[in-house]
Amino acid sequence: MKKLSIIFAMVAVALGFSSCKQEDNPQYHAPTTFTINEPALKNQTFRTSSEMTDAATFDLFCSQPDYGYSAICNYSALVSLDPEAPIEEWVALPNQNSTSAAMSIKTFELGVAINKLLNVVDADDFNARNLGNQEFKCYFKGVCEIPAIEGSKIISSNTVSYDKVMISYAEKLPAWIFICGDVENIESGVANGFTAPSMANYDLYKANFALYEPNDMIGEKLYVGSFNLTPKASALEGATDPDACAQFRFFTELLGWTPEASLGSNEADFFCLPITDKWENGYSGDIVVQGLGNWGVLVTEKKPVTIVVDQLNNKIFVKEGVHEVTFVGRDPEFN
(Lines give C-alpha, C1' and ligand atoms only; values in the text may rest on other atoms or scores of the structure.)
Protein backbone atom coordinates (compact mmCIF):
# COMPACT_ATOMS: atom_id res chain seq x y z
CA MET A 1 0.00 0.00 0.00
CA LYS A 2 2.86 2.32 0.80
CA LYS A 3 4.40 1.68 -2.64
CA LEU A 4 1.05 2.37 -4.32
CA SER A 5 0.77 5.66 -2.42
CA ILE A 6 4.22 6.69 -3.62
CA ILE A 7 3.36 5.73 -7.21
CA PHE A 8 0.09 7.72 -7.10
CA ALA A 9 1.94 10.71 -5.67
CA MET A 10 4.53 10.54 -8.46
CA VAL A 11 1.78 10.33 -11.08
CA ALA A 12 0.06 13.37 -9.56
CA VAL A 13 3.33 15.33 -9.62
CA ALA A 14 3.92 14.32 -13.25
CA LEU A 15 0.43 15.40 -14.21
CA GLY A 16 1.00 18.67 -12.38
CA PHE A 17 4.20 19.30 -14.33
CA SER A 18 2.37 18.46 -17.57
CA SER A 19 -0.43 20.86 -16.71
CA CYS A 20 2.00 23.65 -15.85
CA LYS A 21 3.89 23.07 -19.07
CA GLN A 22 0.71 23.37 -21.09
CA GLU A 23 -0.24 26.61 -19.33
CA ASP A 24 3.25 28.08 -19.70
CA ASN A 25 3.35 27.28 -23.44
CA PRO A 26 -0.06 28.12 -24.86
CA GLN A 27 -0.49 27.16 -28.49
CA TYR A 28 -2.27 29.58 -30.80
CA HIS A 29 -4.84 28.23 -33.19
CA ALA A 30 -7.38 29.97 -35.38
CA PRO A 31 -10.85 29.92 -33.80
CA THR A 32 -13.68 28.19 -35.61
CA THR A 33 -16.65 29.72 -33.77
CA PHE A 34 -17.50 33.20 -32.54
CA THR A 35 -20.86 34.64 -31.50
CA ILE A 36 -22.26 37.98 -30.40
CA ASN A 37 -24.85 38.24 -27.62
CA GLU A 38 -28.40 39.46 -28.17
CA PRO A 39 -28.76 42.96 -26.61
CA ALA A 40 -30.93 43.05 -23.51
CA LEU A 41 -32.42 46.40 -24.61
CA LYS A 42 -32.93 45.49 -28.25
CA ASN A 43 -36.54 46.75 -28.22
CA GLN A 44 -35.75 50.07 -26.59
CA THR A 45 -36.03 53.05 -28.94
CA PHE A 46 -33.02 55.34 -29.18
CA ARG A 47 -31.89 58.04 -31.59
CA THR A 48 -28.43 58.37 -33.02
CA SER A 49 -26.50 61.60 -32.53
CA SER A 50 -25.71 64.12 -35.24
CA GLU A 51 -22.72 65.56 -33.38
CA MET A 52 -19.28 63.98 -33.69
CA THR A 53 -18.36 65.18 -30.18
CA ASP A 54 -21.45 63.59 -28.56
CA ALA A 55 -20.34 60.88 -26.13
CA ALA A 56 -23.64 58.91 -26.18
CA THR A 57 -23.12 55.18 -26.78
CA PHE A 58 -24.96 51.88 -27.07
CA ASP A 59 -23.66 48.45 -26.08
CA LEU A 60 -22.87 45.14 -27.77
CA PHE A 61 -21.41 42.12 -25.98
CA CYS A 62 -19.44 39.04 -27.01
CA SER A 63 -16.95 36.57 -25.57
CA GLN A 64 -13.40 35.94 -26.73
CA PRO A 65 -13.23 33.18 -29.34
CA ASP A 66 -10.98 30.20 -28.62
CA TYR A 67 -7.46 31.14 -29.73
CA GLY A 68 -5.90 28.47 -27.53
CA TYR A 69 -5.09 30.92 -24.77
CA SER A 70 -6.37 34.14 -23.23
CA ALA A 71 -5.21 36.79 -25.70
CA ILE A 72 -5.37 40.56 -25.86
CA CYS A 73 -7.77 41.12 -28.74
CA ASN A 74 -9.35 44.00 -30.57
CA TYR A 75 -13.14 43.98 -30.80
CA SER A 76 -15.39 45.95 -33.13
CA ALA A 77 -18.72 45.55 -34.89
CA LEU A 78 -20.34 45.59 -38.31
CA VAL A 79 -23.81 46.95 -39.07
CA SER A 80 -26.31 46.40 -41.87
CA LEU A 81 -29.98 47.01 -42.55
CA ASP A 82 -30.16 43.62 -44.29
CA PRO A 83 -29.02 40.56 -42.31
CA GLU A 84 -28.52 38.64 -45.57
CA ALA A 85 -26.28 41.29 -47.21
CA PRO A 86 -22.81 40.16 -48.35
CA ILE A 87 -20.27 40.83 -45.62
CA GLU A 88 -18.40 43.36 -47.77
CA GLU A 89 -21.51 45.56 -47.77
CA TRP A 90 -21.68 45.80 -43.97
CA VAL A 91 -20.24 48.98 -42.42
CA ALA A 92 -17.57 48.88 -39.69
CA LEU A 93 -18.24 50.46 -36.29
CA PRO A 94 -15.31 51.32 -33.97
CA ASN A 95 -15.37 50.24 -30.34
CA GLN A 96 -14.61 53.02 -27.86
CA ASN A 97 -12.41 50.61 -25.87
CA SER A 98 -10.99 48.41 -28.60
CA THR A 99 -9.71 45.66 -26.26
CA SER A 100 -13.02 45.20 -24.44
CA ALA A 101 -15.49 42.49 -25.48
CA ALA A 102 -18.16 44.66 -23.82
CA MET A 103 -18.28 46.99 -26.79
CA SER A 104 -19.32 50.62 -26.35
CA ILE A 105 -20.13 52.26 -29.69
CA LYS A 106 -20.98 55.91 -30.23
CA THR A 107 -24.46 56.51 -31.55
CA PHE A 108 -22.89 59.11 -33.85
CA GLU A 109 -20.86 56.35 -35.53
CA LEU A 110 -24.02 54.28 -35.97
CA GLY A 111 -25.80 57.29 -37.46
CA VAL A 112 -23.00 57.86 -39.97
CA ALA A 113 -23.10 54.17 -40.93
CA ILE A 114 -26.89 54.07 -41.42
CA ASN A 115 -26.81 57.27 -43.48
CA LYS A 116 -24.19 55.56 -45.64
CA LEU A 117 -26.24 52.37 -45.96
CA LEU A 118 -29.26 54.45 -47.00
CA ASN A 119 -27.13 56.29 -49.61
CA VAL A 120 -28.00 59.67 -48.10
CA VAL A 121 -26.43 62.40 -50.20
CA ASP A 122 -26.71 65.34 -47.82
CA ALA A 123 -28.92 66.90 -45.15
CA ASP A 124 -31.48 68.05 -47.73
CA ASP A 125 -31.78 64.52 -49.10
CA PHE A 126 -32.16 63.18 -45.54
CA ASN A 127 -34.98 65.60 -44.77
CA ALA A 128 -36.73 65.13 -48.13
CA ARG A 129 -36.94 61.38 -47.49
CA ASN A 130 -38.29 61.95 -43.96
CA LEU A 131 -35.70 59.55 -42.59
CA GLY A 132 -35.56 61.22 -39.20
CA ASN A 133 -39.11 60.13 -38.35
CA GLN A 134 -38.67 56.44 -39.11
CA GLU A 135 -37.54 53.49 -36.98
CA PHE A 136 -34.94 51.13 -38.42
CA LYS A 137 -34.03 47.60 -37.42
CA CYS A 138 -30.23 47.49 -37.38
CA TYR A 139 -28.34 44.20 -37.55
CA PHE A 140 -24.92 43.69 -36.03
CA LYS A 141 -22.03 41.25 -36.22
CA GLY A 142 -19.04 41.13 -33.92
CA VAL A 143 -15.43 41.20 -35.10
CA CYS A 144 -12.43 39.96 -33.12
CA GLU A 145 -8.74 39.74 -33.99
CA ILE A 146 -5.36 39.62 -32.31
CA PRO A 147 -3.23 42.56 -33.44
CA ALA A 148 -0.26 41.55 -35.62
CA ILE A 149 -1.37 37.91 -36.00
CA GLU A 150 -2.38 37.31 -39.59
CA GLY A 151 -5.45 35.15 -39.98
CA SER A 152 -6.70 35.77 -36.43
CA LYS A 153 -9.64 37.91 -37.55
CA ILE A 154 -13.02 36.26 -37.13
CA ILE A 155 -16.54 37.59 -37.70
CA SER A 156 -19.42 36.29 -35.63
CA SER A 157 -21.47 33.58 -37.31
CA ASN A 158 -24.70 35.06 -35.93
CA THR A 159 -26.32 38.48 -36.10
CA VAL A 160 -28.16 40.42 -33.41
CA SER A 161 -30.29 43.52 -33.69
CA TYR A 162 -31.53 46.72 -32.17
CA ASP A 163 -35.07 46.93 -33.47
CA LYS A 164 -36.07 50.57 -32.95
CA VAL A 165 -33.27 52.88 -34.01
CA MET A 166 -34.16 56.41 -35.07
CA ILE A 167 -31.43 58.21 -36.97
CA SER A 168 -30.28 61.80 -37.31
CA TYR A 169 -28.37 63.13 -40.28
CA ALA A 170 -24.70 62.61 -39.53
CA GLU A 171 -21.51 62.89 -41.49
CA LYS A 172 -17.91 62.84 -40.42
CA LEU A 173 -16.13 66.13 -40.97
CA PRO A 174 -12.47 66.86 -40.30
CA ALA A 175 -11.78 68.10 -36.79
CA TRP A 176 -9.25 70.84 -36.11
CA ILE A 177 -6.96 72.47 -33.57
CA PHE A 178 -5.44 75.96 -33.58
CA ILE A 179 -1.89 77.26 -33.84
CA CYS A 180 -0.92 80.38 -31.93
CA GLY A 181 2.28 82.39 -32.20
CA ASP A 182 4.65 84.01 -34.66
CA VAL A 183 2.84 82.55 -37.65
CA GLU A 184 1.03 83.85 -40.70
CA ASN A 185 -1.67 82.31 -42.89
CA ILE A 186 0.05 81.68 -46.22
CA GLU A 187 -3.00 82.47 -48.36
CA SER A 188 -4.57 85.40 -46.52
CA GLY A 189 -1.40 86.96 -45.16
CA VAL A 190 -3.07 87.41 -41.76
CA ALA A 191 -0.54 87.23 -38.93
CA ASN A 192 -1.30 85.76 -35.52
CA GLY A 193 1.32 87.43 -33.33
CA PHE A 194 0.06 85.56 -30.26
CA THR A 195 -3.48 86.93 -30.57
CA ALA A 196 -5.43 85.85 -27.49
CA PRO A 197 -6.85 82.32 -28.01
CA SER A 198 -10.32 83.33 -26.84
CA MET A 199 -13.80 82.76 -28.24
CA ALA A 200 -13.94 86.46 -29.10
CA ASN A 201 -11.29 85.67 -31.73
CA TYR A 202 -12.86 82.40 -32.92
CA ASP A 203 -13.62 83.58 -36.46
CA LEU A 204 -10.06 84.84 -36.90
CA TYR A 205 -8.55 81.58 -35.68
CA LYS A 206 -10.92 79.31 -37.60
CA ALA A 207 -10.36 81.15 -40.88
CA ASN A 208 -6.58 81.49 -40.61
CA PHE A 209 -4.93 79.37 -37.95
CA ALA A 210 -6.53 75.91 -37.95
CA LEU A 211 -4.81 72.57 -38.57
CA TYR A 212 -7.23 69.97 -39.94
CA GLU A 213 -7.56 66.21 -40.05
CA PRO A 214 -7.05 64.94 -43.63
CA ASN A 215 -10.27 63.71 -45.23
CA ASP A 216 -9.01 60.12 -45.24
CA MET A 217 -7.97 60.31 -41.56
CA ILE A 218 -11.12 61.77 -40.02
CA GLY A 219 -11.41 60.83 -36.37
CA GLU A 220 -7.72 59.90 -36.05
CA LYS A 221 -6.73 63.10 -34.20
CA LEU A 222 -3.93 63.79 -36.69
CA TYR A 223 -3.87 67.47 -37.64
CA VAL A 224 -2.00 69.01 -40.57
CA GLY A 225 -1.33 72.62 -41.55
CA SER A 226 1.14 74.85 -43.40
CA PHE A 227 1.93 78.41 -42.28
CA ASN A 228 4.60 81.06 -42.60
CA LEU A 229 6.89 81.59 -39.63
CA THR A 230 7.35 85.33 -39.09
CA PRO A 231 10.67 86.66 -37.78
CA LYS A 232 11.06 88.43 -34.47
CA ALA A 233 12.47 91.94 -34.52
CA SER A 234 15.45 90.62 -32.55
CA ALA A 235 16.16 87.79 -35.02
CA LEU A 236 19.70 87.96 -36.43
CA GLU A 237 21.72 85.30 -38.21
CA GLY A 238 23.51 83.17 -35.63
CA ALA A 239 21.45 84.42 -32.68
CA THR A 240 21.47 81.93 -29.81
CA ASP A 241 18.84 83.47 -27.55
CA PRO A 242 15.68 81.29 -27.76
CA ASP A 243 13.61 84.47 -27.46
CA ALA A 244 14.84 85.47 -30.95
CA CYS A 245 13.04 82.46 -32.43
CA ALA A 246 9.67 82.54 -34.13
CA GLN A 247 7.57 80.64 -31.60
CA PHE A 248 4.30 78.70 -31.64
CA ARG A 249 2.11 76.29 -29.70
CA PHE A 250 -1.39 74.81 -30.08
CA PHE A 251 -4.85 75.01 -28.54
CA THR A 252 -7.60 72.42 -28.88
CA GLU A 253 -10.18 75.03 -27.81
CA LEU A 254 -10.10 78.80 -27.43
CA LEU A 255 -10.38 79.09 -23.65
CA GLY A 256 -7.78 81.83 -23.17
CA TRP A 257 -4.26 81.64 -21.77
CA THR A 258 -5.00 78.60 -19.60
CA PRO A 259 -3.42 75.15 -19.73
CA GLU A 260 -6.70 73.22 -20.02
CA ALA A 261 -6.76 73.28 -23.83
CA SER A 262 -3.08 73.95 -24.53
CA LEU A 263 -0.59 71.64 -26.25
CA GLY A 264 2.96 72.85 -25.70
CA SER A 265 6.61 71.91 -25.61
CA ASN A 266 6.92 72.31 -21.86
CA GLU A 267 4.78 72.93 -18.78
CA ALA A 268 6.34 76.36 -18.19
CA ASP A 269 4.51 79.37 -19.62
CA PHE A 270 6.27 80.72 -22.74
CA PHE A 271 9.24 78.38 -22.34
CA CYS A 272 10.86 78.07 -25.80
CA LEU A 273 12.29 74.81 -27.15
CA PRO A 274 14.50 75.74 -30.15
CA ILE A 275 14.33 73.29 -33.07
CA THR A 276 16.16 75.42 -35.66
CA ASP A 277 18.85 72.82 -36.29
CA LYS A 278 16.28 70.09 -37.05
CA TRP A 279 13.31 71.63 -38.85
CA GLU A 280 14.89 71.79 -42.32
CA ASN A 281 15.20 68.00 -42.57
CA GLY A 282 12.30 67.28 -40.24
CA TYR A 283 11.80 67.54 -36.50
CA SER A 284 9.77 65.20 -34.33
CA GLY A 285 9.23 65.46 -30.61
CA ASP A 286 6.88 65.08 -27.70
CA ILE A 287 3.92 67.27 -26.83
CA VAL A 288 3.14 68.21 -23.24
CA VAL A 289 -0.61 68.11 -22.69
CA GLN A 290 -1.68 71.28 -20.88
CA GLY A 291 1.81 72.58 -21.58
CA LEU A 292 2.28 76.33 -22.07
CA GLY A 293 5.75 76.19 -23.63
CA ASN A 294 6.49 76.98 -27.29
CA TRP A 295 8.56 75.49 -30.07
CA GLY A 296 10.93 77.97 -31.73
CA VAL A 297 12.73 78.36 -35.08
CA LEU A 298 15.21 81.13 -35.79
CA VAL A 299 14.15 82.82 -39.03
CA THR A 300 15.26 86.23 -40.32
CA GLU A 301 12.58 86.34 -43.02
CA LYS A 302 9.23 84.67 -43.55
CA LYS A 303 9.66 80.93 -43.98
CA PRO A 304 6.94 78.35 -44.72
CA VAL A 305 6.56 75.35 -42.44
CA THR A 306 4.36 72.25 -42.47
CA ILE A 307 3.28 70.86 -39.13
CA VAL A 308 1.61 67.60 -38.07
CA VAL A 309 0.17 67.20 -34.56
CA ASP A 310 -0.65 63.68 -33.37
CA GLN A 311 -2.94 64.36 -30.43
CA LEU A 312 -3.51 60.67 -29.72
CA ASN A 313 0.19 59.93 -29.20
CA ASN A 314 1.16 63.48 -28.17
CA LYS A 315 3.73 63.89 -30.95
CA ILE A 316 4.63 66.82 -33.19
CA PHE A 317 6.32 66.75 -36.60
CA VAL A 318 7.73 69.90 -38.20
CA LYS A 319 9.38 70.37 -41.61
CA GLU A 320 10.45 73.47 -43.49
CA GLY A 321 8.45 74.22 -46.61
CA VAL A 322 4.92 73.56 -47.83
CA HIS A 323 4.36 69.82 -48.18
CA GLU A 324 1.55 67.43 -49.00
CA VAL A 325 1.36 65.02 -46.08
CA THR A 326 0.47 61.35 -46.36
CA PHE A 327 0.52 58.75 -43.61
CA VAL A 328 1.93 55.27 -43.17
CA GLY A 329 -0.05 54.14 -40.17
CA ARG A 330 0.23 57.26 -38.00
CA ASP A 331 3.67 58.25 -39.29
CA PRO A 332 3.60 61.31 -41.57
CA GLU A 333 5.48 61.50 -44.85
CA PHE A 334 6.22 65.00 -46.17
CA ASN A 335 5.98 64.90 -49.96
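Residues numbered from 1 in each chain as written. Predicted model: local features only at pLDDT ≥ 70, side-chain atom pairs only at ≥ 80, totals over all residues. Heavy atoms only, no water.

Participant: Quick question: what am I supposed to make of the overall build of the chain here?
Facilitator: A tally of regular secondary structure across the chain gives four helices and 23 strands. Taken over the C-alpha trace, the chain has a radius of gyration of 27 Å; the compact-globule value for 335 residues is 20 Å, which it surpasses by more than 25%. By its C-alpha atoms, the chain is 95 × 70 × 35 Å across when sized along the principal axes. Scored against the burial criterion, the 335 residues of the chain give a buried share of 42%. Taking the contacts inside the chain whose residues are at least 6 apart along the sequence as the reference set, 69% of them involve residues at least 24 apart. When the accessible surface of the chain is totalled, it reaches about 17800 Å², and 52% of it is carbon and sulfur. Of the side chains in the chain, 23 bear a positive and 43 a negative charge, and the two mean positions are spaced by 8 Å. (Helix = DSSP H or I, 4+ residues; strand = E, 2+ residues; numbered from the N terminus. Rg over C-alpha atoms; globule rule 2.2 N^0.38 Å. Buried < 20%, exposed > 50% of the residue type's maximum accessible area, 1.4 Å probe, protein only. Contact = heavy atoms within 4.5 Å. Areas by Shrake-Rupley, 256 points an atom, 1.4 Å probe, with all protein chains shown as cover. Lys, Arg positive; Asp, Glu negative; His and termini not counted. Charge placed at Lys NZ, Arg CZ, Asp CG, Glu CD.)

Participant: Sorry, what's going on with the pairing of strand 10 (residues 176-181) here?
Facilitator: Counting buried residues along strand 10, five of its six residues qualify, which places the element largely inside the surrounding structure. Inspection of the sheet shows strand 10 paired to strand 12 (residues 210-212) by three bridges, in the antiparallel sense. Its bridge partner lying in strand 12, W176 is registered against Y212. The pairing of strand 10 with strand 14 (residues 246-251) spans four bridges and is classified as antiparallel. Across the sheet, G181 pairs through a bridge with F248, a residue of strand 14. (Pairing = 2+ DSSP bridges.)

Participant: What is the right way to look at the side chain of T306 in this model?
Facilitator: Relative to the elements of secondary structure, T306 occurs in strand 20 (residues 303-310). With relative accessibility at 0%, the residue T306 sits in the buried group. A polar contact is formed between the side chain of T306 and the side chain of S226, at a distance of 2.8 Å. Within the structure, T306 has its side chain in polar contact with the backbone nitrogen of H323 (distance 3.0 Å). Excluding residues that lie within four positions of it along the chain, T306 makes contacts with G225, S226, F317, V318, K319, G321, V322, H323, V325 and F334. (Polar contact = N/O pair within 3.5 Å; in protein donor to acceptor, adjacent residues only side chain to side chain.)

Participant: Would you mind going over the environment of A92 with me for this structure?
Facilitator: Structurally, A92 is set in strand 5 (residues 91-93). Through-space distance from the C-alpha of A92 to that of I218 is 14 Å; in sequence the pair is 126 residues apart. Leaving out residues up to four positions away in the same chain, A92 has contacts with A77 and L78.

Participant: Just checking my understanding: could you explain the pairing of strand 19 (residues 294-297) for this structure?
Facilitator: When a strand is regular, its side chains alternate between the sheet's two faces. Alternating residues of strand 19 divide into N294 and G296 and W295 and V297, and every residue in both groups is buried. Pairing analysis gives three bridges linking strand 14 to strand 19, with the strands arranged antiparallel. Within strand 19, the position partnered with Q247 by the bridge is G296. Of the pairings in the sheet, the one linking strand 16 (residues 272-274) to strand 19 comprises three bridges and is parallel in character.

Participant: So what exactly am I meant to see when it comes to the packing of aromatic side chains here?
Facilitator: Two measures describe an aromatic ring pair: the distance that separates the ring centres and the angle between the ring planes. Following the criterion strictly, the structure yields 17 aromatic pairs and no others. Ring geometry for F194 and F270: centres 5.3 Å apart, planes at 50 degrees, overall tilted. Here the residue F194 occupies a position in the loop between strand 11 (183-184) and helix 4 (202-208), and F270 occupies one in the loop between strand 15 (262-264) and strand 16, the gap between them amounting to 76 residues. Residue F194 is classed as buried on the basis of its relative accessible area, which comes to 18%. For F270, a relative accessible area of 39% translates into the label partly exposed. Site record: aromatic cluster; members linked through ring pairs are F46, F58, F140 and Y162. The ring of F270 has R249 sitting right over it, with the charged end atom 4.5 Å from the ring centre. (Phe/Tyr/Trp six-rings, centres within 6.5 Å; stacked < 30°, edge-to-face > 60°. Lys NZ or Arg CZ within 6 Å of the ring centre and 35° of its normal.)

Participant: Hey, could you run me through unusual backbone geometry in this one?
Facilitator: For residues besides glycine, phi is generally negative; the peptide bonds are generally trans as well. Although it is not a glycine, N130 adopts a positive phi angle of roughly 55 degrees. Of note, Q290 is a non-glycine position whose phi angle comes to about 65 degrees, a positive value. Mapped onto the secondary structure, Q290 falls in the loop between strand 18 (288-289) and strand 19.

Participant: How should I be thinking about a negative patch on the surface in this particular structure?
Facilitator: A surface patch of like charges, here negative, comprises D82, E84, E88 and E89. Mapped onto the elements, E89 comes out in the loop between strand 4 (74-80) and strand 5. Here E89 falls in the partly exposed class, since its relative accessible area comes to 48%. (Patch = residues over 30% accessible without salt bridge, like charges linked within 9 Å, V, L, I, M, F, W, Y side chains within 5 Å. Salt bridge = Lys/Arg side-chain N within 4 Å of Asp/Glu carboxyl O.)

Participant: What should I look at first to understand the environment of Q27 in this one?
Facilitator: As for its position among the elements, Q27 is in the loop between helix 1 (2-24) and strand 1 (36-37). The class for Q27 is exposed, based on a relative accessible area of 58%. When the C-alpha positions of Q27 and E220 are compared, they lie 34 Å apart, and in sequence the two are 193 residues distant. Those residues within four positions of Q27 in sequence are excluded, and the remaining contacts are Y67, G68 and Y69.

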